[in-house]
Amino acid sequence: MPELPLKLVSRRALLTGTLATTALALTACTGNSGPASSASPTASASAPRIPRTLRLAAAAPPVKLDPAIVADNESFRITRQVYETLVDIDPDTGGAVAGLAESWTESPDGLRYTFTLREGVLFHDGTELTAEAVVANFNRWENLSPQLRASSSQGFANVFHFDSDIPKLPTAKELEEEFKSAADASEEELATQQLRTKQLEELTKKFDTKLFEGKSAAGSASYFESVKATGKYLVALNLRRRLPGLIEALTLPGMAIAAPSALTGGPGQNPAESLSTHPVGTGPYTFVSHEDNVVRLEIFKDYWNQPRLSNNTAHPEVALISAVPSPYNREGALLADEIDGFDMVSVDIMRTLVRNAKVVVQRDPFSVLYLGMNQRNKWLAKPEFRMAIAHAVNRSSLAEKLFLQGSKHASTLLPSALSIPAPEDTPNHDASKAKTLLAELGYKGEQIEFAYPLQVSRNYLPLPERTFAQIAEDLAAVGIRIKPRPIAWTDGYVQTVQSKDFEGLHLLGFSGGYRSADDFLSGILAAKENEFGYTSALLDSQIMLARSIPSGEERTAAYADILKTLNADLPALPLVFPISALAFNGNVTFYPPSPMLNECYADVQMANSPSISS
């Protein structure tokens, strides 16, 4: 492929119709020969070959390009092209398949895994992937500062629950004290008391056994013990407790292996700081630059999996990923042939896309939108008030009006693909019951702050302003007054609603990284004390014990019990399991949609748009 200039197109160019012209001008500067349609032999001999260029518009810019210390899917969109993980995701089944590790074995007790690495894999800096390189990444993750570990949602600390401690169960007496006013309790409170008592009895029996083996360098409930290179291409990973979902968890983007040369040289708090702006991995694309809100990637000529590229001769050789927050601007750019495709199709532009014969590629639903209810607020601290909100919000109407066809209202935080049954007493839309609960509480219309994001589309929240408006309307219909608090996504929306200073309602969601109930629950509840003002040693104990149960009926029953706890405590109201989608012009003939967003551009099939190839 010809050497390409590093200069990128700006977002201004993207939105004013000049991207096609600019892309053509950029490739014309390469000075490499290639075929061109011209009547002049001289012109044909000197005309440069234009590389196949995928121009994709995303909904937001990447926060950082170091997947070990970020939590946003727009960052992962880029890093999945540059980095790879020990284990990959099968695009057809969603299961685990060989990645940088060509095979692995598990000891009978489930506490030791041995990975055999592929030989001949090169990082983008030209160095070879070895067991020592993998160990260097694990050592880096293990020694990240608590602040940096907390900034990740799909990395080492999340997979191994590195900072978690064994929960301290309450005694029967402490639980009794919590319900000492049971004489005046409602039916819901009595049912909760009975549920808690039963849970405590069952958990206490299990806590009598030794839960973890060996020593931990972090939390007492950390599953990680050690990692060691036992050969040039052999890695031994030791656990403190069985973790049946480990292999699938290693597919998470935060477990990507970076070149050891990039892991040093930075400040003491983060020696690998350069990875935040210049990623170096083994993936099919190398990072070139991030300028003017556009990321430029180019195919890695020494990529180890050459059959992947040679079997798809129509793969993009260059990818330009621009950040365009407005779905209407993304739509306009596609219709003007300024881009080849965009992510986060919203329901209100679907008709225009279909009418203009655009190709819409849908992902199976594997994310959840929820309404967080922070219990530091005096009204949200009351279970009856949270239940009133659950009855007030018409989740079915929300899914039908503001999300793509096929999206479903959510009754739990776990999508149906995980096959965990919902509790029988999940609250449904019932405005009359909501009003009754509010009247019994003596609520007189005090305002509740309600935060929602601006200038962004997420796969679980394509239309944030309209979603907020419909929920606010539902709440107003039963007498709940809200105080809107719009916050731009890039102004720290997530950090605000997950801080200890916020006390109100907020919209947020979670996208599953692999097929695991623990991934959803641990991800959503990771910051529960700040985000929801909620703590529960019983829930923490249930989740810790459930993640070590092998697949089967016992595991399903354990997660069903967890959903009962969440249904009773209601720190967050599940809203919708959305279908997300991308839209393309006709020059893109295949795009590999993934419910887990594990979409590699090397598998895309395309030709250049006429706007840059003619």
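The rules behind these values
Residue numbering note: each chain is counted from 1, following its sequence as written. Given that this is a predicted model, residues contribute local features only at a pLDDT of at least 70 and side-chain atom pairs are listed and counted only at 80 or more, while totals for whole chains, interfaces and linings are drawn from all residues. To get the side-chain values, all heavy atoms of the structure are used, and hydrogens and water are removed first. Secondary structure elements follow DSSP: runs of H or I no shorter than four residues count as helices, runs of E no shorter than two count as strands, and numbering proceeds from the N terminus. The buried label applies to any residue whose accessible area, calculated with a 1.4 Å probe on protein chains only, is under 20% of its type's maximum; exposed applies above 50%, and partly exposed to all values in between. A contact between two residues is defined here by any heavy atoms of the two lying within 4.5 Å. Stacked, edge-to-face and tilted labels apply to pairs of Phe, Tyr and Trp rings (six-membered ring for Trp) whose centres lie within 6.5 Å, assigned for plane angles under 30 degrees, over 60, and everything in between, in that order. For two strands to be treated as a pair, DSSP must find at least two bridges joining them. By the criterion applied in these results, polar contacts are pairs of N or O atoms within 3.5 Å in which, for protein atoms, one can donate a hydrogen and the other can accept it, and in which residues neighboring in sequence qualify only through two side-chain atoms. To obtain each axis, a line is fitted to C-alpha atoms, and for helices this fit is confined to the stretch in contact; angles are then taken between N-to-C directions over 0 to 180 degrees. Values of pLDDT, ranging from 0 to 100, describe the predictor's confidence in every residue of the model. Should an angle lie under 35 degrees it is considered roughly parallel, over 145 roughly antiparallel, and from 65 to 115 roughly perpendicular; all remaining angles are considered oblique. Should the near helix be turned anticlockwise from the far one by less than a right angle, the crossing is left-handed, and should it be turned clockwise, the crossing is right-handed. Throughout this description, the term nonpolar core refers to a set of buried Ala, Val, Leu, Ile, Met, Phe, Trp, Tyr and Cys residues connected via side-chain atoms within 4.5 Å. What counts as a salt bridge is simple: a side-chain nitrogen of Lys or Arg found within 4 Å of a carboxyl oxygen of Asp or Glu.

What follows is about the overall build of the chain. Along the chain, the regular secondary structure elements total 23 helices and 21 strands. Scored against the burial criterion, the 614 residues of the chain give a buried share of 56%. Long-range pairs, those at least 24 residues apart, make up 73% of the contacts in the chain with a sequence separation of at least 6.

Applying the stated rule across the entire model yields 25 aromatic pairs. On the numbers, 5.1 Å between centres and 75° between planes, the contact of Phe156 with Phe224 is edge-to-face. One end of the pair, Phe156, is in helix H7 (residues 156-160); the other, Phe224, is in strand E6 (residues 224-231), and 68 residues separate them in sequence. Using a relative accessible area of 1% as the deciding quantity, one classes Phe224 as buried.

Next up on the list: the pairing of strand E8 (residues 285-291). Most of E8 sits out of view: 5 of its 7 residues are buried. As paired elements, E8 and strand E9 (residues 294-299) share 6 bridges and run antiparallel to each other. Opposite Thr286, over in E9, you have Glu298 as the bridge partner. Counted along the chain from E8 to the antiparallel partner E9, the turn is 2 residues long, and its residue Asp292 has a positive phi close to 50°.

Bringing the side chain of Asp343 into the picture now. Within the element layout of this structure, Asp343 appears in strand E11 (residues 341-343). Residue classification places Asp343 among the buried positions, given a relative accessible area of 2%. In this structure the side chain of Asp343 is engaged in a polar contact, spanning 2.9 Å, whose partner is the side chain of Arg77. Sequence-distant contacts of Asp343, that is, excluding residues within four places in its chain, are made with Ala57, Arg77, Arg330, Arg363, Ala581 and Leu582.

What follows deals with the side chain of Thr53. By the secondary structure assignment, Thr53 is in strand E1 (residues 53-58). Polar side-chain contacts of Thr53 include one of 2.9 Å to the backbone oxygen of Pro51. If near-sequence neighbours (up to four positions away) are discounted, Thr53 is found in contact with Val318, Leu320, Asp340, Met606, Asn608 and Ile612.

Turning our eyes to something else, we now look at the sheet that holds E11. Strand order in the open sheet formed by 7 strands is E8-E9-E10-E1-E11-E19-E12, and the pairing between neighbours is mixed. Edge strands, defined here as strands with exactly one partner in the open sheet, are E8 and strand E12 (359-362). In this sheet, adjacent strand axes meet at a mean angle of 20° when their direction is disregarded. Here E11 runs beside strand E19 (residues 581-584); their pairing, made up of 3 bridges, is antiparallel. Paired with Asp343 across the strands is Leu582, a residue of E19. Most of the contacts of helix H12 (residues 327-335) go to E11, to which it runs at about 165°, and overall it touches E1, E11 and E19. Along the sheet, helix H13 (residues 347-355) makes contact with E11, E12 and E19, crossing E12 at roughly 135°.

Now for the confidence of the model for the chain. Residue-level pLDDT values for the chain average 90, and 90% of them are 70 or greater. Contacts for the low-pLDDT stretch residues 1-43, under 50 throughout, to residues beyond four places or in other chains number 92 contacts.

Contact geometry for helix H21 (residues 537-546) and helix H22 (residues 553-569): axes closest at 10 Å, N-to-C directions at 160°. With respect to H22, the element H21 is oriented roughly antiparallel. Crossing angle aside, the handedness with which H21 passes H22 is left-handed. Contacts between H21 and H22 involve Leu539, Gln542, Ile543 and Ala546 from the first element and Arg555, Ala558, Tyr559, Asp561, Ile562, Thr565 and Leu566 from the second.

In this structure, Phe138, Phe160 and Leu237 are the most contacted members of the largest nonpolar core, which totals 89 residues. It is helix H5 (residues 131-142) that provides the largest number of residues to this core, a total of 6 residues. Look past the residues within four positions of Leu237 in its chain and what remains in contact with it is Leu111, Arg112, Tyr113, Phe115, Phe138, Phe160, Phe224, Ser226, Val227 and Leu246. Listed in part, the 77 residues of the second largest apolar core include Trp489, Tyr493, Ala546 and Ala558.

Ordered by their spatial adjacency, 6 strands build an open sheet running E14-E18-E13-E17-E15-E16, and the pairing between neighbours is mixed. The open sheet terminates on both sides in strands that have one partner only, identified here as strand E14 (408-409) and strand E16 (482-488). Alignment of strand E15 (residues 448-454) against E16, held across 7 bridges, turns out to be parallel. If you follow Leu454 over to E16, its bridge partner there is Ala488. Along the sheet, helix H14 (residues 383-392) contacts strand E13 (367-373), E15, strand E17 (505-511) and strand E18 (572-577); its crossing angle with E13, the most-contacted strand, is approximately 135°.

So, on to unusual backbone geometry. The backbone phi angle of Asp337 is positive, close to 60°, even though this residue is not glycine. Secondary-structure assignment places Asp337 in the loop between H12 and E11. Of note in the backbone geometry, Gln455 takes a positive phi value of approximately 55° without being a glycine. Residue Gln455 is classed as exposed on the basis of its relative accessible area of 52%.

Burial runs high along H21: 8 of the 10 residues are buried. What H21 keeps buried is the set Leu538, Leu539, Ser541, Gln542, Ile543, Met544, Leu545 and Ala546.

Under the definition given, this model contains 21 salt bridges. Asp518 serves as the salt-bridge partner of Arg547, at 3.1 Å between the closest nitrogen and oxygen. With a gap of 29 residues between them, Arg547 in the loop between H21 and H22 and Asp518 in helix H19 (residues 517-525) connect regions that are remote in the sequence. For Arg547, a relative accessible area of 8% corresponds to the buried category. Judged by its relative accessible area of 6%, Asp518 is buried. It is possible to trace a salt-bridge network through shared partners that takes in Glu74, Arg77, Asp343, Arg363 and Glu599.

Before going further, it helps to examine the pairing of E19. Side chains Ala581 and Ala583 of E19 all project onto a buried face; the interleaved residues Leu582 and Phe584 project onto the opposite face, where all are buried too. Pairing of E12 with E19, which is carried by 4 bridges, proceeds in the antiparallel orientation. Bridge assignment links Gln362 to a residue of E19, and that residue is Ala581.

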